[in-house]
Amino acid sequence: MNIFEALRESHERQRTYAKALIRTSGDTPERVAAYKQLKSELQAHETAEERHFYIPLMEFDNGVDLSRHAIAEHHEMDEMMEELDGTEMSSPAWLVTAKKLSEKVHHHLEEEEQKFFQMAGKLLDDKQKESLAGAYLKEYKAQLV
C-alpha cells in the first residue's frame with residue numbers, strides 16, 4: 001500500500017461520516033454518535049497526515065505552499081469542531097456549523113485528491129510512498145480515539 005491509498009481509505013470514511021452527520025437532527029443519540037465518529041476520524045487523520053505526508057513534502061520546494069495550505073485547512077476544520085463542541089446540538093446554529101464543516105471536509109478531500117496527490121506523486125519515489133503509508137497508518141491507529 002502507498003501513502004495515497006492509505007489516505008484515500010480515511011477520506012472515504014470522512015465523506016461517509018460527514019454526510020451522515022448533516023442528516024441528523026436535534027440533540028439525539030444519532031447526532032452525538034455521528035459527530036463523535038467524524039471528529040475522531042478527522043483528528044486522527046489530520047495528525048497522522050501532517051506528520052507523515054505534509055511535513056515530508058515540505059522538504060521539497062514545490063511541496064511547501066501545498067503543505068501549508070492543507071495544514072491551514074485542517075486548522076479551519078479544528079476551529080469548526082471547537083465551535084460545535086461549544087454549541088448546543090439542538091440549536092439551529094449547530095447544524096449550520098456542521099454543514100460548513102461537511103462542506104470544508106469535502107472541499108479539502110477533493111483538493112487533496114485532485115491537486116496535492118498529483119504533485120506529491122512527482123516529488124516522492126515509490127519507496128517513500130510505501131514507507132510513508134506504513135508510518136501514517138501506525139500513527140493514525142495510535143491517534144484514533
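The preceding data block contains the structure.
Residues numbered from 1 in each chain as written. Predicted model: local features only at pLDDT ≥ 70, side-chain atom pairs only at ≥ 80, totals over all residues. Heavy atoms only, no water.

**Student:** Residues and numbers for the nonpolar core, please.
**Tutor:** Ile3, Phe53, Tyr54, Leu57 and Tyr136 are the most contacted members of the largest nonpolar core, which has 20 residues in total. Those elements that provide at least two residues to this core are α1 (3–22), α2 (29–57), α3 (61–85), α4 (92–123) and α5 (126–143). When residues in this core are grouped by element, the largest group, 5 residues, is from α2. Setting aside chain neighbours within four positions, we find Tyr136 in contact with Ile3, Ala6, Leu7, Ser10, His45, Ala48, Glu49 and His52. Counting 17 residues, the second largest nonpolar core, distinct from the first, contains Ala18, Met77, Met80 and Ala98. (Core = buried A, V, L, I, M, F, W, Y, C linked by side-chain atoms within 4.5 Å. Buried < 20%, exposed > 50% of the residue type's maximum accessible area, 1.4 Å probe, protein only. Helix = DSSP H or I, 4+ residues; strand = E, 2+ residues; numbered from the N terminus. Contact = heavy atoms within 4.5 Å.)

**Student:** Just give me the short version of the environment of Lys138, but keep the residues and values in it.
**Tutor:** Following the sequence through the fold, Lys138 ends up in helix α5. As for Lys138 and Ala48, which are separated by 90 residues in sequence, their C-alpha atoms are 8.3 Å apart.

**Student:** Requested: an account of the pattern of salt bridges, with residues and values cited.
**Tutor:** With the rule as written, the count across this model stands at 8 salt bridges. We note a salt bridge from Glu12 to Arg15, for which the minimum N-O separation is 2.9 Å. Pair noted here: Glu12 and Arg15 are both in helix α1, with a separation of 3 residues, about one helical turn. Assessed through its relative accessible area of 45%, Glu12 is described here as partly exposed. Note that Lys104 is salt-bridged to Glu73, the shortest N-O span being 3.8 Å. Of this pair, Lys104 sits in helix α4 while Glu73 sits in helix α3, and the two are 31 residues apart along the sequence. On the basis of relative accessibility, which here comes to 3%, the residue Glu73 falls in the buried class. A network of salt bridges, in which partner residues are shared, links Glu12, Arg15 and Glu113. (Salt bridge = Lys/Arg side-chain N within 4 Å of Asp/Glu carboxyl O.)

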